[in-house]
Amino acid sequence: MARLLFPILALTFMVGMCCAVSSKKDRKEVLAEKVSQLTKWAQKRPVIKLNNDQFKEYLRTQPRNYSIIMMATALSSKHKCSICKQAADEFYAAASSYQNSDAASNALFFAMADYDSAPGVFQTLQLQTVPVFYHFPAKTGKKNRLDQYDMGRFGFSGESLAKWVLERTGVQFKVVRPPNYMALLGGLLGVTVVLVIVYFKRKSVEQLVSRHNCAVFSLFIILLMLSGQMWNQIRGAPMAQTDPNTGKVSYISGSGQFQFIAESYIIMGMYAAGAIGWILLSEQGPAAMKYSQNAQSTMIVVGVVLVGFVFSWLLSTMRLKNRGYPYYFLMK
């Protein structure tokens, strides 16, 4: 019996080694097939469309030596997600720029999971709102909160996404957008029209550029800048946001680090109303002698109401965007 023990152990060891080598070989073959398939898809379109099975196979199971940037969204109009289409356009711009850059390789891919074609993805990730951007690293391990993009803080512009990709993967590329020839042509046409009018209507232009008109124009520019329009252009803010669960449209963001375009217009209107209120109040005193007594009283009442309402509304908006803000006036 003792004589047979050594050959049996030796045979078992050899079989185990063969199985290990075979398993290692199969693992390399599986990885090569996955990378090859992802590369083929990426060559056809910069953003790979995923279904439930593809999500599990390429993003959740090993072996994997590549990273994937995935956008979870709901593009169908029935979901009433106005922000999803704009975010998807920016995501495509970033993915296309990467695919056409020198940094493109089989170590990083861009993918998208739409709710209609991959509902299992949303269940797996326990998603309640869209759009959401994820980084699935090559090495699996402890979940890192930075692998989920903070859209509320940074917006969803292609440039912001590219910066986040650099931070998470070390891959650097520049977002390249096709030139907008129609905007350029429209701008040149507008400048030409203005120059022609100035040339033929010089006297009328002198009357137009009066002290009063310049003051109104300056006030408009100030209100435009204070309302955050420049921030909207840089961050690519959406017009508003629709809750996919309730269908409720939000025109004011609940985050102190983000805003909507509609919110900027509302803020601009409130600032304008406050400015009008202060102008009406400042017109009292010696400057009010040109108005009748009734007109002066009306100006005072309207001015006080406008200033009080705008101040109260701005404080309530601060409480909405910063939950810990303690102050309010007239209304919460």
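Just so it is clear, the structure is predicted and the values come from calculations on it, not from any experiment. (Residues numbered from 1 in each chain as written. Predicted model: local features only at pLDDT ≥ 70, side-chain atom pairs only at ≥ 80, totals over all residues. Heavy atoms only, no water.)

Trainee: Sorry if this is basic, but what is going on with the overall build of the protein chain here?
Mentor: Each helix and strand counted, the protein chain has twelve helices and six strands in total. Within the protein chain, the fraction of its 332 residues that count as buried is 33%. For the protein chain, restricting intrachain contacts to residue pairs at least 6 apart in sequence, the fraction spanning at least 24 positions comes to 64%. Total accessible area computed for the protein chain in this model is approximately 21,600 Å², and 62% of it derives from carbon and sulfur atoms. (Helix = DSSP H or I, 4+ residues; strand = E, 2+ residues; numbered from the N terminus. Buried < 20%, exposed > 50% of the residue type's maximum accessible area, 1.4 Å probe, protein only. Contact = heavy atoms within 4.5 Å. Areas by Shrake-Rupley, 256 points an atom, 1.4 Å probe, with all protein chains shown as cover.)

Trainee: Before we go on, may I ask you to explain the pairing of strand β3 (residues 108-114) in this structure?
Mentor: The two faces of the sheet receive side chains in turn, since in a regular strand these alternate between them. Within β3, seven of the seven residues are buried, which leaves it mostly tucked inside the rest of the structure. Taken together, the three bridges between strand β1 (residues 47-49) and β3 define a ladder with parallel strand orientation. Residue pairing in the sheet places K49 in a bridge with M112 of β3. Judged from the seven bridges that link them, strand β2 (residues 67-73) and β3 form a sheet pairing that is parallel. The partner of I69 across the bridge, within β3, is F110. Read from β2 through helix α3 (residues 82-99) to β3, the crossover connection turns out right-handed. (Pairing = 2+ DSSP bridges. Right-handed = clockwise from strand over helix to strand, strands pointing away.)

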